[in-house]
Amino acid sequence: MTSSGSRTTRRSTTTGPTRPRGDDVKGDGFGRRLFGRRTEGTTSNTITGGVFLNAVVQGHAVTVTLPPQVTPAGLPRATTSFTGRETEVELLLKELAPGAGSGAGPVSAVAGLAGVGKTELVVQAATRAQRRPGWFPGGVLFVDMFGYDPQRRLSPGAALLGLLQVLGLPGEYIPAGEQDRAALFRSVLAAYAAQDRRLLLVIDNAATVAQVTPLLPSDDSTATLITSRHTLAVGARLHDLDVLDVETSVRLLADQLQQLRGPADTRGHDEPQAAAEIAELCAGLPLALHIAAGLLADTGTRTLASLAEALRAAHTRLDRLSREDRAVRAAFDLSYRQLSPVQARLFRLLSVNPGPDAGTDAAACLVDTDAHRAETLLADLARAHLVEPGPGWGRWRMHDLVRLYAEEQSDATTEADARDAARARLFTYYVAATAAASAHLQPPSVAAALTGRSVPAEELARIETTYGAAGQMQPPPVVATFSTREQALAWLETERPNLVAVCTTAGVHGHRTASIGLASLLHIFLSFRRHLSELITVTDSFRAICRQAGDRHGEGMALSNLGVALNEAGRSDEAVTAHTQAVELIGETGDRHDVGMALNNLGLALRAVGRFDEAITAHTRALDIYREIDARHSEGLALNNLGQVLRALGRFDEAITAHTRAAEICRETGDRQGDGLALDNLGADLQEVRQHEQAVAVHARAADIFRELDDRRHEAEARHHLGSALREVGRFDEAAAAHTRAVELFGDGGDRSDEGMALTGLGLALRRNGRYAEAAVAHTRAAEVYREIGDRRNEGIALSNLGVALQEAERFDEATEAYEQAMQAYREAGDRQGEGVAANNLGNNLRAAQRSADAAVAHRRAADIFRAVGDRYREGKALIGLCLALLDTGQDHEVRRHYERAVGAFAGVDEHESAALVQRWLVSLHPGAIPPGIFPPEFHQAAFVVLLGLALAEARSGRPSSWGGRRVLRDRSDGSSTP
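Because the structure is predicted, anything quoted here is derived from the model rather than measured. (Residues numbered from 1 in each chain as written. Predicted model: local features only at pLDDT ≥ 70, side-chain atom pairs only at ≥ 80, totals over all residues. Heavy atoms only, no water.)

Description of the overall build of the chain
Put simply, the rule reads: Put simply, DSSP H or I for four residues or longer makes a helix, DSSP E for two residues or longer makes a strand, and each gets a number counted from the N terminus. Summary of the burial criterion: residues with accessible area below 20% of their type's maximum are buried, those above 50% are exposed, and those between are partly exposed, where the area comes from a 1.4 Å probe applied to protein chains only. In this description, accessible areas are obtained by the Shrake-Rupley approach with a 1.4 Å probe, and a residue is regarded as covered only by the protein chains that are shown.
The secondary structure content of the chain amounts to 43 helices and 10 strands. Counting every position in the chain, which comprises 979 residues, the buried fraction comes to 57%. Total accessible area computed for the chain in this model is approximately 38400 Å², and 50% of it derives from carbon and sulfur atoms.

Observations regarding the packing of aromatic side chains
The description of an aromatic ring pair rests on the distance of the ring centres and on the angle between the ring planes. For clarity, the cut-off: Stacked, tilted and edge-to-face are the three classes applied to pairs of Phe, Tyr and Trp rings, where Trp contributes its six-membered ring and a pair requires centres within 6.5 Å; stacked means planes under 30 degrees apart, edge-to-face means over 60, and tilted covers the rest.
Counted under the stated rule, the structure contains four aromatic pairs. Relative to Trp396, the ring of Trp393 has its centre 5.1 Å away and its plane inclined at 70°; by these criteria the two rings are edge-to-face. Judged by its relative accessible area of 62%, Trp393 falls in the exposed class. Overall, the relative accessible area of 5% leaves Trp396 in the buried class.

Observations regarding the confidence of the model for the chain
Rules: What pLDDT reports is the predictor's confidence in each residue, on a scale of 0 through 100. Any pair of residues with heavy atoms lying within 4.5 Å of one another is described as a contacting pair.
The predicted model of the chain averages 79 in pLDDT, with 78% of residues at 70 or higher. This stretch, residues 314-327, has a pLDDT under 50; its non-local contacts, to residues over four places away or in other chains, come to 20 contacts.

Focus on the packing of helix 36 (residues 792-808) against helix 37 (residues 812-829)
Rule in force here: A fitted line through C-alpha atoms represents every axis, and for helices the fit uses only the stretch in contact; the resulting angles, taken between N-to-C directions, go from 0 to 180 degrees. Angles are sorted into four bins: roughly parallel if under 35 degrees, roughly antiparallel if over 145, roughly perpendicular if 65 to 115, and oblique for all others. Crossing handedness: left-handed means the near helix sits turned counterclockwise from the far one by under a right angle, and right-handed means the same turn made clockwise. In this classification, Asp, Glu, Lys and Arg are treated as charged, Ala, Val, Leu, Ile, Met, Phe, Trp, Tyr, Cys and Pro as nonpolar, and every other residue, Gly included, as polar.
Viewed as axis vectors pointing N to C, helix 36 and helix 37 meet at an angle of 165°, and their least axial separation amounts to 8 Å. Here helix 37 runs roughly antiparallel to helix 36, going by the angle between their axes. Of the two possible hands of crossing, helix 36 and helix 37 adopt the one that is left-handed. Taken together, the residues of helix 37 that come into contact with helix 36 (itself represented by Arg792, Arg793, Gly796, Ile797, Leu799, Ser800, Leu802, Gly803, Val804, Leu806 and Gln807) are Phe812, Glu814, Ala815, Ala818, Tyr819, Gln821, Ala822, Gln824, Ala825, Tyr826, Glu828 and Ala829. Broken down by class, the residue content of the contact of helix 36 with helix 37 amounts to 13 nonpolar, six polar and four charged.

Focus: the pattern of salt bridges
When charged atoms on two side chains of opposite charge get close, those side chains can pair. We count it as follows: Salt bridges are identified by distance alone: a Lys or Arg side-chain nitrogen within 4 Å of an Asp or Glu carboxyl oxygen.
Across all of its chains, the model carries 56 salt bridges by this definition. Note that Arg771 and Asp733 form a salt bridge whose closest N and O atoms lie 3.2 Å from each other. Of this pair, Arg771 sits in the loop between helix 34 (752-768) and helix 35 (772-788) while Asp733 sits in helix 33 (residues 732-749), placing them 38 residues apart in sequence. Judged by its relative accessible area of 29%, Arg771 is partly exposed.

Structural notes on the sheet that holds strand 8 (residues 358-359)
Stated precisely, the cut-off is as follows: Strands pair, by our definition, only if DSSP identifies at least two bridges between them.
Strands sit in the order 8-10-9 across an open sheet of three strands; the sheet is antiparallel. Both outer strands of the open sheet, strand 8 and strand 9 (388-389), are each paired with one neighbouring strand and no more. Summarising the sheet, strand 8 and strand 10 (residues 395-397) pair through two bridges and their orientation is antiparallel. Bridging across to strand 10, Ala358 finds its partner in Trp396.

Some thoughts on the sheet that holds strand 7 (residues 237-241)
Judged by pairing direction, the sheet is parallel, and its five strands sit side by side in the order 4-5-6-3-7 without closing on themselves. If you trace the sheet from one side to the other, it starts and ends with strand 4 (139-144) and strand 7, each paired once. Strand-to-strand twist across the sheet, computed as the mean angle between neighbouring axes with direction ignored, equals 15°.

A few points about helix 37
This is how it is decided: The length a helix should cover is 1.5 Å for every residue beyond the first.
Helix length check: helix 37 (18 residues) gives 25 Å between terminal C-alpha atoms against 26 Å at 1.5 Å per residue, within 8%. Once helix 37 finishes, Gly830 follows within two positions and takes phi at roughly 75°, a positive value.

Some words on the environment of Ile880
Residue position: Ile880 is located in helix 40 (residues 872-888). In this structure, the C-alpha to C-alpha distance between Ile880 and Tyr899, residues 19 residues apart in sequence, is 6.5 Å.

Brief notes about the nonpolar core
Here is the rule: Definition used in this section: a nonpolar core is a set of buried Ala, Val, Leu, Ile, Met, Phe, Trp, Tyr and Cys residues joined via side-chain atoms within 4.5 Å. Reported domain spans reflect what an automatic or database domain assignment gives.
Grouped together as the largest cluster of nonpolar side chains are 129 residues, with contacts concentrated most on Leu346, Phe347, Leu350, Tyr429, Tyr430, Trp491 and Leu518. Shared between two domains, this core takes at least three residues from each, and those domains are domain 3 (421-531) and domain 4 (550-630). Contacts of Leu518, omitting those with residues within four sequence positions, involve Tyr430, Val431, Thr434, Leu499, Val502 and Cys503. Grouped together as the second largest cluster of nonpolar side chains are 49 residues, Ala798, Ala863, Cys883 and Leu886 included.

Remarks on helix 26 (residues 592-608)
So the rule is basically this: Any pair of nitrogen or oxygen atoms within 3.5 Å is treated as a polar contact; in protein, a donor-acceptor pairing is required on top of that, and neighbouring residues in sequence qualify only through side-chain atoms on both sides.
Between its first and last C-alpha, helix 26 extends 25 Å over 17 residues, near the 24 Å set by a 1.5 Å rise per residue. In terms of burial, helix 26 is a largely internal element, 14 of the 17 residues being buried. Near the N-terminus of helix 26, the side chain that reaches the backbone nitrogen of His593, with its oxygen 3.3 Å away, is that of Asp591. Phi turns positive, to about 80°, at Gly610, one or two residues after helix 26.

Quick look at the UniProt feature "repeat: TPR" (unreviewed entry) in the chain
Defined as follows: UniProt positions are given in the numbering used here, feature names are shortened, and annotations may be inferred rather than shown by experiment.
Using the residue numbers shown here, the UniProt feature "repeat: TPR" (unreviewed entry) corresponds to residues 716-749 and 796-829. When the span residues 796-829 is considered, its composition is 91% helix and 0% strand, and the gap between its end C-alpha atoms is 9 Å.

Let's talk about unusual backbone geometry
Located in the positive-phi region is Asp368, a residue other than glycine, with phi close to 55°. Relative to the assigned elements, Asp368 resides in the loop between helix 14 (360-367) and helix 15 (371-383). Exposure remark for Asp368: the relative accessible area of 47% places this residue in the partly exposed category. In this model, Gln850 sits at a positive phi of 65°, which is unusual for a non-glycine residue. In this fold, Gln850 is placed in the loop between helix 38 (832-848) and helix 39 (852-869).

Quick word on the pairing of strand 3 (residues 107-112)
In terms of burial, strand 3 is largely enclosed, as six of its six residues are buried. Residues Val107, Ala109 and Ala111 line one face of strand 3 and the alternating positions Ser108, Val110 and Gly112 line the opposite face, and both faces are buried. The pairing of strand 3 with strand 6 (residues 223-228) spans five bridges and is parallel. For Ser108, the partnering residue across the bridge sits in strand 6 and is Leu225.

Quick notes on the packing of helix 7 (residues 246-261) against helix 10 (residues 286-298)
The N-to-C vectors of helix 7 and helix 10 enclose an angle of 40°; their axes lie 9 Å apart at closest approach. In terms of their interaxial angle, helix 7 and helix 10 are classed as oblique. The two elements helix 7 and helix 10 meet at a crossing, and its hand is right-handed. Of the residues in helix 10, those touching helix 7 at Ser249, Leu252, Leu253, Gln256, Leu257, Leu260 and Arg261 are Pro286, Leu289, His290, Ala292, Ala293, Gly294, Leu296 and Ala297.

Let's talk about the environment of Gly590
With respect to the element layout, Gly590 can be found in the loop between helix 25 (572-589) and helix 26. Counting along the chain gives 37 residues from Gly590 to His553, while the straight-line C-alpha distance between them is 9.1 Å.

Side note on the environment of Leu215
Its location among the elements puts Leu215 in the loop between helix 6 (209-212) and strand 6. In this structure, the C-alpha to C-alpha distance between Leu215 and Arg186, residues 29 residues apart in sequence, is 7.9 Å. If we ignore the near neighbours within four places in the chain, the residues touching Leu215 are Val143, Met145, Pro156, Ala159, Leu160, Leu163, Phe185, Leu201 and Ile203.

Details of the side chain of Arg267
By secondary structure assignment, the location of Arg267 is in helix 8 (residues 267-270). Residue classification places Arg267 among the buried residues on the basis of a relative accessible area of 10%. Each residue touching Arg267, except ones within four places of it in the same chain, is listed here: Leu257, Arg261, Leu296, Ala297, Thr299, Gly300, Thr301, Arg302 and Leu304.

Structure, rendered in structure tokens:
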């Protein structure tokens, strides 16, 4: 356990070089790369795009993307046999209509007996409301709270997490606290309403006021439908849903039977007396009527009279029992009695699965049979309406009441069903299948090492003794295999709720080894897919099991893994705390190697919170330990991490030394992947010191290593970094090829954000090679990727770069549109500086298109933005552009003032006083006389044009030139294009 766990942790935290998400960071149009830089002293809590929301998360401002529409993917399909509720539907629709609320968004709550049709009623109403033009242009949100199932019941915080993710918010930006999530959710709903994109929220199957209240909107537009078996006092318009009358029940029975068997089945109309008796025996309960119709549909020759006779005893119980679940149980009892012993056993054991649904293979493990036989049994249960087919074939779920009924039946037959053995087979299947799938997420060399590794007998004995784990794993009848990485990822994603549920509940049933095994295996997948909330849940559960068993070393390792999860989730302060505790706990056990691992991970968290000196101390302590115990390979990994901290501090020579040594050690110890990671980081260091030719060589070596290892993820990173270095040395065709390969690899791996980054790099390489049309295509694709994943800031960068490519191709109208879209994206992301860059580039483009009046507006806006954010250098750029635009339009009287402002802006960067120098230059009025300490060189020609234009204007007017001195700027350049 400790060996594989420590290996996984180190691998997941020793990553490639830090890089900006999108080269040509501000879209200035010059293609310069700031590799691995970060802005110190800033806090980014941005969810890109959308509208500005006030401080709701950890005291920081948040911006969120509003998708064009929330697709009603979670809204169940409305049945075509819906009968007898038209009055109730119309009443709900009247309350949902726009403008129906009185000072608050309409909230309607439907309550009634279990199985009475509450969910179907609100689904019918929601479906019809959504179809009405203008009612809910934003879409419908549906959440099943599972309020009456104690094992699957959703907390308000978990429900809010799912709803926010449906609305497009990445998991790492969703706050941990329920109160903060509720505030963010209400703000998002209000934002939709403010943009005339009204939403309908459906909260199904809630049990208590406390479960509903945090989800309720606070604006006066968003509508809400609630279902519950209880009448909830939540300030809603209450609707008590009663059972159907006999006439309506008969019609429902006949309609459902014809839906199942086709219009030729007229039994519901041919036997009206028996149909009425069945309706009465079912007490008008829609769920019972649906089950009755299913029993009739299973055998086309069965008469309604025979079913009515079978139901009579049940009718007595239904009439007498007043507890909310007893009426439903009568219908379930009847259906259950129709099952064969094998079918009944599977029905009972399906309740053992802790997740929301089960796959056919999992069901096979429960009854110890093959998948084909299990599929047949499940289809039988589905026809009896005791299980429901999932959205994809091979998935099966139970309604929560049916599940509770199955659990009760299983409790009565525990020994006959061998329920604990069934649970052991199921959990063993999940562990084994997860191990097989996770191997596809590792580079082949790592996967081979893990496959060949055996757990020492003494360690296995310690685990069994400490956790009471002897005999907990049982061989399952089904073995999961995956031939491709795509198959493995698809299985892990589908089974994720079940796997997480096993991690958190298996220990309660005495199966701690399943919890521990899955917690270790799932770390890689949950990190890769950024399911960070679940990653934290799983690792925290692992920690609790270790603590309960008194396993101090295991608890320390769990804390270290938890710290890694918290750090990846952006909760780095908490990660520092977890890693600090891990160091202490593992230190008590005397395992020095794992202490070094915990220190190494602590250093990563400290670097993430900007505590670089402490991070260096942690990595150095880890290095000292590894050197003392001669752990050469671990020493190389720690050096790699240390080098990244040194680079963040600008200590590039030391970073080069650390990464060079790390690569050497990894080569000596046979870790080719570690060698590649260190080389890729070394290339980043070399780019920082402008040694681009050397950087090209080491990035190429790293990419080759990853290609040979079939490590596609890291090869993609190395190819992208190689392309950046090749651009800097002018080898643009090779750069384009490297970026193209990176795009392909990132795309194959499903990493959309990095795919967009590589497309940006490709566009820059093509543009600098004069291939403007191809560059525009690449930047367009990058913008589309970022738009799809809701990253508005990087979408703005891609659009700004697109504008530059189109402008250089003299496609000025298209460039104008791209710049305007970039400004909007930056604005929604809250990136004022980016908005200013796009506005200034727009001005340059409009002047090139001979639209100088519009250009003046754009440059003026850019200058105002830069002045507001304190960027004096870019303010000067924008003002020079404004002067040129004003000269074009003949507004000479305005030019002098803005030119002096530009001089002052440039001078204000360094506070350098040179008034006399400015005066001499202004008198000279020709470029050759411009002293080098006045303007950045890239602005000499533009400044001269402005001055020459002013001189000619004053000559025409007969006025003498008179200029006051200004502070000026020493030579500097950020690589921006001249106006």
